[in-house]
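Structural overview for review
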Number of protein chains: 2
Amino acid sequence: MDALTINEAAETTGWTPRMLRYIEELGLVEPPRSPGGYRLYGAGELQRLRTLRELLDGHDLGLGDVGFALRLQRDDALRGEVDAWLLSQPARPEHVDADDWLAWEQDKHERLLAEAARRDTTLEETR
Amino acid sequence: MDALTINEAAETTGWTPRMLRYIEELGLVEPPRSPGGYRLYGAGELQRLRTLRELLDGHDLGLGDVGFALRLQRDDALRGEVDAWLLSQPARPEHVDADDWLAWEQDKHERLLAEAARRDTTLEETR
DNA sequence: CAAACCTTGACAAAGTCGTGGTAAGGTTCC
DNA sequence: GGAACCTTACCACGACTTTGTCAAGGTTTG
């Protein structure tokens, strides 16, 4: 048999069985099941579990962060809105007077709202 | 004066002053300061604070989620690694036998590692 | 068939997040 | 100069997340 059950997979990946179930619950690694319902971890799953650990350790992330990234990847509308909001972030020019950066800011914001609207459905803002 | 102090900004955006400081701490909205250190919220900040609320309410996100998205946007290496990991997700073809999808999986993984490597070497300053 | 493994579900300890409050002190501006 | 506002730095608390563990029962396989 070339697929491992959950305890074996835990053994070789360094996760606990509990965490493997949790990771599956987050949609991060979802192994196929045996006819009787046992999780069967193949080479691909094992590989992803190991790289997942590296990813988390290397950047001080949590599983929830990766779960959120997954959500962003799968939900186009959400990703569009988040990206638009983030791009409206200043990265404020250093030496401009107040009126200038304010205009620049608003202009940028309008461009982004337009993009979000195109990409998505309704993005409505009222003052 | 065309910039609001923190309590005024809280008033018009619906956040509490406490939360405005927290939001700044997360790097989400960082208003400029007066010479004496007072936060000064201009039109751009106020707008972003209002859209931030919509974003959160509309999709059941947390501030931490948006903070992570910000991190992803600013750290190219991190974004590359997360994207590569996510793309190695199966979206597994339904009816293929074990050997086939395993090969497909590994092939895909290699492509993604290659892409991540390319992206990393193309790192340049965004601002 | 029986030992060893797996399943789901629940409860619980520990940690983090979002939020409020308060204290000690600096800034604005009338 | 003094009232009203702001700053940072804490402590606190409820809600949620992360992780462990246990119980009752189904699966695999020698």
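Just above, that's the structure.
To keep things clear, this report deals only with the structure shown in the data block. None of the values given here were measured: they were computed from a predicted structure. (Residues numbered from 1 in each chain as written. Chains lettered and ligands numbered in written order. Predicted model: local features only at pLDDT ≥ 70, side-chain atom pairs only at ≥ 80, totals over all residues.)

**Some thoughts on the nonpolar core**
How we decide: Think of a nonpolar core as buried Ala, Val, Leu, Ile, Met, Phe, Trp, Tyr and Cys residues chained together by C-beta atoms that fall within 7 Å. Three classes are used. A residue is buried when 20 or more other C-beta atoms lie within 10 Å of its own, exposed when 12 or fewer do, and partly exposed in between, with C-beta atoms placed from the backbone. A run of DSSP states H or I qualifies as a helix once it reaches four residues; a run of E qualifies as a strand once it reaches two. Both are numbered from the N-terminal end. By the criterion used throughout, residues are in contact when their C-beta atoms, derived from the backbone, lie within 7 Å.
Counting 38 residues, the largest nonpolar core has A:Val82 and B:Val82 as the members making the most contacts within it. For this core, the elements supplying multiple residues, two or more each, are helix H2 (17-25), helix H3 (43-59), helix H4 (63-74) and helix H5 (76-87) of chain A together with helix H2 (17-25), helix H3 (43-59), helix H4 (63-74) and helix H5 (76-87) of chain B. In contact with B:Val82, not counting residues within four places along its chain, are A:Leu55, A:Val66, A:Ala69 and B:Leu72.

**Some remarks on the environment of A:Arg21**
Note on placement: A:Arg21 falls in helix H2. With 60 residues separating them along the chain, A:Arg21 and A:Glu81 place their C-alpha atoms 31 Å apart.

**Description of the protein's contact with DNA strand C**
Test applied: Using a C-beta atom placed from the backbone, a residue is scored as near a molecule or strand whenever that atom is within 6 Å of it. Residues are sorted three ways: Asp, Glu, Lys and Arg are charged, Ala, Val, Leu, Ile, Met, Phe, Trp, Tyr, Cys and Pro are nonpolar, and all the rest, Gly among them, are polar.
Taken together, 21 residues lie near DNA strand C, and A:Thr5, A:Asn7, B:Thr16, B:Gly36 and B:Gly62 sit nearest. Every element with two or more residues in the surface near DNA strand C is listed here: helix H1 (6-13) of chain A together with H2 and H4 of chain B. Taken together, the residues that form the surface near DNA strand C break down as eight nonpolar, nine polar and four charged.

**A word on the protein's contact with DNA strand D**
Taken together, the neighbourhood of DNA strand D is formed by 21 residues, with A:Gly36, A:Gly64, B:Thr5, B:Asn7 and B:Arg39 sitting nearest. Listing elements by their share of the surface near DNA strand D, those giving two or more residues are H2 and H4 of chain A together with helix H1 (6-13) of chain B. Of the residues contributing to the surface near DNA strand D, the split by class is eight nonpolar, nine polar and four charged.

**Structural notes on H3(A)**
Residues and elements named next belong to chain A. For clarity, the cut-off: Here the expected span of a helix is defined as 1.5 Å times the quantity of residues minus one. Starting at the helix axis, one direction is taken to each C-beta atom, and the arc is that of these directions.
With 17 residues, H3 should cover 24 Å at 1.5 Å per step; its first-to-last C-alpha distance of 24 Å lies within 8% of that length. Along H3, the residues classified as buried are Gly44, Glu45, Arg48, Leu49, Leu52 and Leu55. Projected onto a plane normal to the axis of H3, the buried residues spread over an arc of 135° and lie on a single side. Structural note: H3 exposes Glu54, Asp57 and Gly58 on the side pointing more than 90 degrees away from its buried face. The positive-phi residue at the C-terminal boundary of H3 is Asp60, with phi of around 55°.

These results come straight from atomic positions and should not be treated as a statement about function.
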